[in-house]
Amino acid sequence: MAEPSERTILERVSLGDAAAVREAIDAYGGLVWSLARRFSSSESDAEDAVQDIFLMLWRKASSYDPSKGAEVSFVSVLARRILIDRWRRSERRVSPERLSGEPAGDVSEPADEAIGLAMRAFEGLDDAHREVLRLSLGDGRSHAEIAEITDTPLGTIKSRIRRAISLVRSAIERGGSGENEEGGTHD
């Protein structure tokens, strides 16, 4: 192992160095806050996320290997994973119960039927296609933001969104199943 003066902040954190904990907060607090704020719906949610990230950082500090990459990259990847997990846990799903309330305005029976068909088609998609549609249409995220959130190439995100919309459109035309003719929904 490296001499104490040559150790990274996370190596020192993993050894229980209290000063290194403060250094980690000083060094990575801005990055973690920036990511948490971008991925959170409110400031209080971002604050909770920052706490979760630093707690996990203390737990995982010993798994950081300087030979595999920069410390800031390790912190960034860990933060993004935690933020994505938090987002997935808090994700709001549209359910028939949420749509069963009194509609705003005059909605005809065919519109209600179309909503039901769209929901069934959406639920019939595989996880990857549902996720990109939720992020794009539900949360209003850009393709670049979705690529960053999911750690997926931008071109793949664009293809998945196009494919997911096509699958939902086709399913609505067929009567609601999100599966394609071959029985799957993969690109």
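Every value quoted in this text rests on a predicted model; they were computed, and no experiment measured them. (Residues numbered from 1 in each chain as written. Predicted model: local features only at pLDDT ≥ 70, side-chain atom pairs only at ≥ 80, totals over all residues. Heavy atoms only, no water.)

Digging into the overall build of the protein
Here is step 1 of the chain: Per the secondary structure count, the protein includes nine helices and zero strands.
Here is step 2 of the chain: Going from the N terminus to the C terminus, the protein shows its helices and strands as α-α-α-α-α-α-α-α-α.
Here is step 3 of the chain: Burial status across the protein gives 36% buried among its 187 residues.
Here is step 4 of the chain: Considering only contacts within the protein whose residues lie at least 6 apart along the sequence, 58% involve residues at least 24 apart.
Here is step 5 of the chain: Accessible area for the protein stands at about 11,300 Å²; split by element, carbon and sulfur atoms hold 50% of it. (Helix = DSSP H or I, 4+ residues; strand = E, 2+ residues; numbered from the N terminus. Buried < 20%, exposed > 50% of the residue type's maximum accessible area, 1.4 Å probe, protein only. Contact = heavy atoms within 4.5 Å. Areas by Shrake-Rupley, 256 points an atom, 1.4 Å probe, with all protein chains shown as cover.)

Concerning the packing of helix H2 (residues 18–39) against helix H4 (residues 71–90)
Angle between the axes and distance between the axes: these two values describe a pair of packed helices.
Here is step 1 of the chain: Contact geometry of H2 with H4 gives a least axis separation of 10 Å together with a crossing angle of 25°. One finds that H2 runs roughly parallel with respect to H4. Classified by chirality, the crossing of H4 by H2 is right-handed. Residues Tyr28, Leu31, Val32, Leu35, Ala36 and Phe39 of H2 form the contact with H4, whose own contacting residues are Glu71, Val72, Val75, Ser76, Ala79, Arg80 and Leu83.
Here is step 2 of the chain: Grouping the constituent residues of the contact of H2 with H4 by class yields 10 nonpolar, one polar and two charged. (Axes fitted to C-alpha atoms, helices over the stretch in contact; angles between N-to-C directions. Parallel < 35°, antiparallel > 145°, perpendicular 65-115°, else oblique. Left-handed = near helix turned anticlockwise from the far one by under 90°. Nonpolar A, V, L, I, M, F, W, Y, C, P; charged D, E, K, R; others polar.)

Section: unusual backbone geometry
Here is step 1 of the chain: For aspartate 151, which is not glycine, the phi torsion reads 55° and is therefore positive.
Here is step 2 of the chain: The topology assignment puts aspartate 151 in the loop between helix H8 (143–150) and helix H9 (154–174).
Here is step 3 of the chain: Look at aspartate 151 and you get exposed, because its relative accessible area is 71%.

Section: the pattern of salt bridges
Here is step 1 of the chain: Applying the stated criterion across every chain yields a total of eight salt bridges.
Here is step 2 of the chain: With its nearest N and O atoms 2.4 Å apart, the salt bridge here joins arginine 38 to glutamate 148. A residue pair is termed long-range when its members are at least 10 positions apart, and arginine 38 in helix H2 and glutamate 148 in helix H8 qualify at 110 residues.
Here is step 3 of the chain: Arginine 38 gets classed as partly exposed once you look at its relative accessible area, which sits at 38%.
Here is step 4 of the chain: The closest approach of N and O atoms between arginine 86 and aspartate 52, which form a salt bridge, is 2.4 Å. Of this pair, arginine 86 sits in helix H4 while aspartate 52 sits in helix H3 (residues 43–60), placing them 34 residues apart in sequence.
Here is step 5 of the chain: Residue class for aspartate 52 comes out partly exposed when judged on its relative accessible area of 30%.
Here is step 6 of the chain: Among the ionic contacts, a cluster of salt bridges with common partners joins Arg12, Asp17 and Glu23. (Salt bridge = Lys/Arg side-chain N within 4 Å of Asp/Glu carboxyl O.)

Describing the nonpolar core
Here is step 1 of the chain: With 33 residues, the main nonpolar core has Leu10, Ile53, Leu57 and Leu83 as its most contacted residues.
Here is step 2 of the chain: Listed by contribution, the elements that provide at least two residues to this core are helix H1 (9–14), H2, H3, H4, helix H7 (127–138), H8 and H9.
Here is step 3 of the chain: Looking at this core, the element that brings in the most residues is H4, giving eight residues.
Here is step 4 of the chain: For leucine 57, the residues in contact, after removing those within four places along its chain, are Leu10, Phe74, Val75 and Leu78. (Core = buried A, V, L, I, M, F, W, Y, C linked by side-chain atoms within 4.5 Å.)

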